[in-house]
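# Examination of the molecular architecture
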Amino acid sequence: DTAVSQTPKYLVTQMGNDKSIKCEQNLGHDTMYWYKQDSKKFLKIMFSYNNKELIINETVPNRFSPKSPDKAHLNLHINSLELGDSAVYFCASSQGRTSGEQFFGPGTRLTVL
Amino acid sequence: GENVEQHPSTLSVQEGDSAVIKCTYSDSASNYFPWYKQELGKRPQLIIDIRSNVGEKKDQRIAVTLNKTAKHFSLHITETQPEDSAVYFCASGAGSYQLTFGKGTKLSVIP
């Protein structure tokens, strides 16, 4: 039973394309996150949703648009991909505010050529 | 916003020795301090966490200490084993749906 799942696992695409990454959690959590991990392994929060509402929107280009159709799903759509978008993107979920464990998905390695 | 500093960035120890990783944070409202382990190509996973009302917590070979006055917390791994080799991240949270992560420590345990 996968707690937090992401698709696809790998994504290779050309500059300028638009792509989406999907995330689903079956833990019954009410908060979901997107993180970006660059080549230096820095983990940086991008977005956080609580009960389908956007809570955190860090200084992320507006080419990135998250969408939460329900509490169990948080998708990330990226327009006009750039070379600098190449990274591993992790989805995570937790119950409530940061008073408990965040469970991470397996990650999506995005490579922009 | 919160700033978390983590040191060292890399650490090599002989198998069986202890490893210590230190973090400092800036937001005095922070009250939750987890540590995550990320093996190569895998997802970060929680290994231990501590809350601000506790000074120390142990779980078998790993322990975390917290000094709220000095705003620093540390991860201690005793009797290190090759499978402890990974990148370790500290983080802090203040009940605002956001964890701020340190930049990670790459631990190598030499057999």
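Report follows, based on the coordinates. (Residues numbered from 1 in each chain as written. Chains lettered and ligands numbered in written order. Predicted model: local features only at pLDDT ≥ 70, side-chain atom pairs only at ≥ 80, totals over all residues. Heavy atoms only, no water.)

### Overview of the sheet that holds strand β1 (residues 4-7) of chain A
Residue and element names in this part refer to chain A. An order of β1-β3-β8-β7 is seen for the four strands of this open sheet, with the pairing classed as antiparallel. The open sheet has two free edges, formed respectively by β1 and β7 (64-70), since each of these has just one partner strand. Taken over all neighbouring pairs, the strand axes of this sheet differ in orientation by 20° on average, direction set aside. Here β7 runs beside strand β8 (residues 73-78); their pairing, made up of five bridges, is antiparallel. Each bridged residue has a counterpart across the sheet, and for Asp 70 the counterpart in β8 is His 73. (Pairing = 2+ DSSP bridges. Helix = DSSP H or I, 4+ residues; strand = E, 2+ residues; numbered from the N terminus. Axes fitted to C-alpha atoms, helices over the stretch in contact; angles between N-to-C directions.)

### Here's the deal with the interface of chain B and chain A
Facing the 18 residues of chain B at the interface are 25 residues of chain A. When the buried area of chain B at its contact with chain A is split by residue, Arg 43, Tyr 97 and Phe 101 of chain B rank highest and sum to 37% of it. The tally of links from chain B across to chain A stands at zero salt bridges. Between the two partners, chain B and chain A, sit three residue pairs in polar contact (both at pLDDT 80 or more). Breaking the side of chain B that touches chain A down by element, the ones donating at least two residues are β4 (32-38), β5 (45-51), β9 (86-93) and β10 (99-101) of chain B. Considering every element that reaches the side of chain B that touches chain A, the biggest residue donor is β4 of chain B, with three residues. (Contact = heavy atoms within 4.5 Å. Buried area = accessible area lost by both parts, 1.4 Å probe. Salt bridge = Lys/Arg side-chain N within 4 Å of Asp/Glu carboxyl O. Polar contact = N/O pair within 3.5 Å; in protein donor to acceptor, adjacent residues only side chain to side chain.)

### A short note on the pairing of strand β6 (residues 56-59) of chain B
Side-chain direction in a regular strand flips from residue to residue, so the side chains alternate between the two faces of the sheet. Residue and element names in this part refer to chain B. Across four bridges, the pairing between β6 and strand β7 (residues 62-67) is antiparallel. Directly across from Glu 56, in β7, lies its bridge partner Thr 65. The loop that links β6 with its antiparallel partner β7 comprises two residues; one of these, Gln 60, has a positive phi angle of about 60°.

### Points about the packing of aromatic side chains
Here a ring pair, both rings aromatic, is described through the centre-centre distance and the interplanar angle of the planes. Applying the stated criterion across every chain yields a total of 13 aromatic pairs over all chains. When the ring of Tyr 33 of chain A is compared with that of Tyr 35 of chain A, the centres are 6.2 Å apart and the planes differ by 35°; the resulting orientation is tilted. A residue is classified by how much of its surface remains accessible, and Tyr 35 of chain A, at 0% relative accessible area, is buried. Measuring from ring centre to ring centre gives 4.7 Å for Tyr 25 of chain B and Phe 33 of chain B, while their planes differ by 45°; the resulting arrangement is tilted. Clustering of aromatic rings is evident, with ring pairs tying together Tyr 33, Tyr 35, Phe 90 and Phe 104 of chain A together with Tyr 36, Phe 89 and Phe 101 of chain B. Its end group placed over the ring of Phe 42 of chain A, Lys 103 of chain B keeps NZ or CZ at 5.0 Å from the ring centre. (Phe/Tyr/Trp six-rings, centres within 6.5 Å; stacked < 30°, edge-to-face > 60°. Buried < 20%, exposed > 50% of the residue type's maximum accessible area, 1.4 Å probe, protein only. Lys NZ or Arg CZ within 6 Å of the ring centre and 35° of its normal.)

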